[in-house]
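# Notes for the structure review
Here is what each chain is made of, one letter per residue.
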Amino acid sequence: GILSICPYYNKPSQEGLYQHFKAIAEASPLPLVLYNVPGRTGVNMKAATTCRIAKDFPNIVGIKEASGSLEQVDEITKNKPEGFEVISGDDALTFPMIAGVISVIGNALHRQFSRMIRLEFEGNYGEARKIHHQFTELYKLLFVDGNPAGVKALLNDMGMIENVLRLPLVPTEVTTKQKMADILKALHVE
């Protein structure tokens, strides 16, 4: 197989990265693992580009992801095709990714979040990942208007607390609160 790093020095666009790996994939009969390490190349291959390449070329079988962004790793794992491997390229992030958590969302959705963590520790990554991906949008929304405004809005929607904060924090925007309520409804959480 081939481990192929993103082109360095030229700082190509996302389309340039796609075309580069397309040319390699079309020329090689060997399986290809992408290597994204922006700290060394000066360019970050975004998750959308990685997934586009992975879906278009079956001989591209994985990525060594060393962007340092857990959010980017998560986006790739959420949107990648079946069988495409996402491999940690950051030694320092390997342990924190599975060691434990002090959670914001766990304050409101403690049963679901705890189940996800237990499944991960048991090695049932597929089921754990399904729960995690159900929360992806909610993770972001909780911080739109600052923490703990988001989780307090969520707890308020669940009928557990009043939505009152001390200044300088203020309650979440109505649109953010509605988006969170819609997610709760889709998750069948009340």
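Residues numbered from 1 in each chain as written. Predicted model: local features only at pLDDT ≥ 70, side-chain atom pairs only at ≥ 80, totals over all residues. Heavy atoms only, no water.

## Comments concerning helix α9 (residues 149-157)
When we look at burial in α9, the residues that qualify are A149, G150, V151, A153, L154 and L155. As for α9, its buried residues are in contact with α8 (125-141) and α10 (174-187). Immediately beyond the C-terminal end of α9, within one or two residues, lies G159, with a positive phi of roughly 75°. (Buried < 20%, exposed > 50% of the residue type's maximum accessible area, 1.4 Å probe, protein only. Helix = DSSP H or I, 4+ residues; strand = E, 2+ residues; numbered from the N terminus. Contact = heavy atoms within 4.5 Å.)

## Digging into the side chain of N59
Tracing the chain through its elements places N59 in the loop between α3 (47-56) and β3 (60-65). At a separation of 3.0 Å, a polar atom in the side chain of N59 contacts the main-chain carbonyl oxygen of A25. (Polar contact = N/O pair within 3.5 Å; in protein donor to acceptor, adjacent residues only side chain to side chain.)

## Thoughts on the pattern of salt bridges
Inspection of every chain in the model, using the stated rule, returns three salt bridges. Note that E127 is salt-bridged to K130, the shortest N-O span being 3.1 Å. Of the two residues, E127 and K130 are both situated in helix α8; the distance of three residues between them amounts to about one turn of the helix. For E127, a relative accessible area of 31% corresponds to the partly exposed category. K130 gets classed as exposed once you look at its relative accessible area, which sits at 53%. (Salt bridge = Lys/Arg side-chain N within 4 Å of Asp/Glu carboxyl O.)

Spatial relationships are all this shows, so hold off on functional conclusions.
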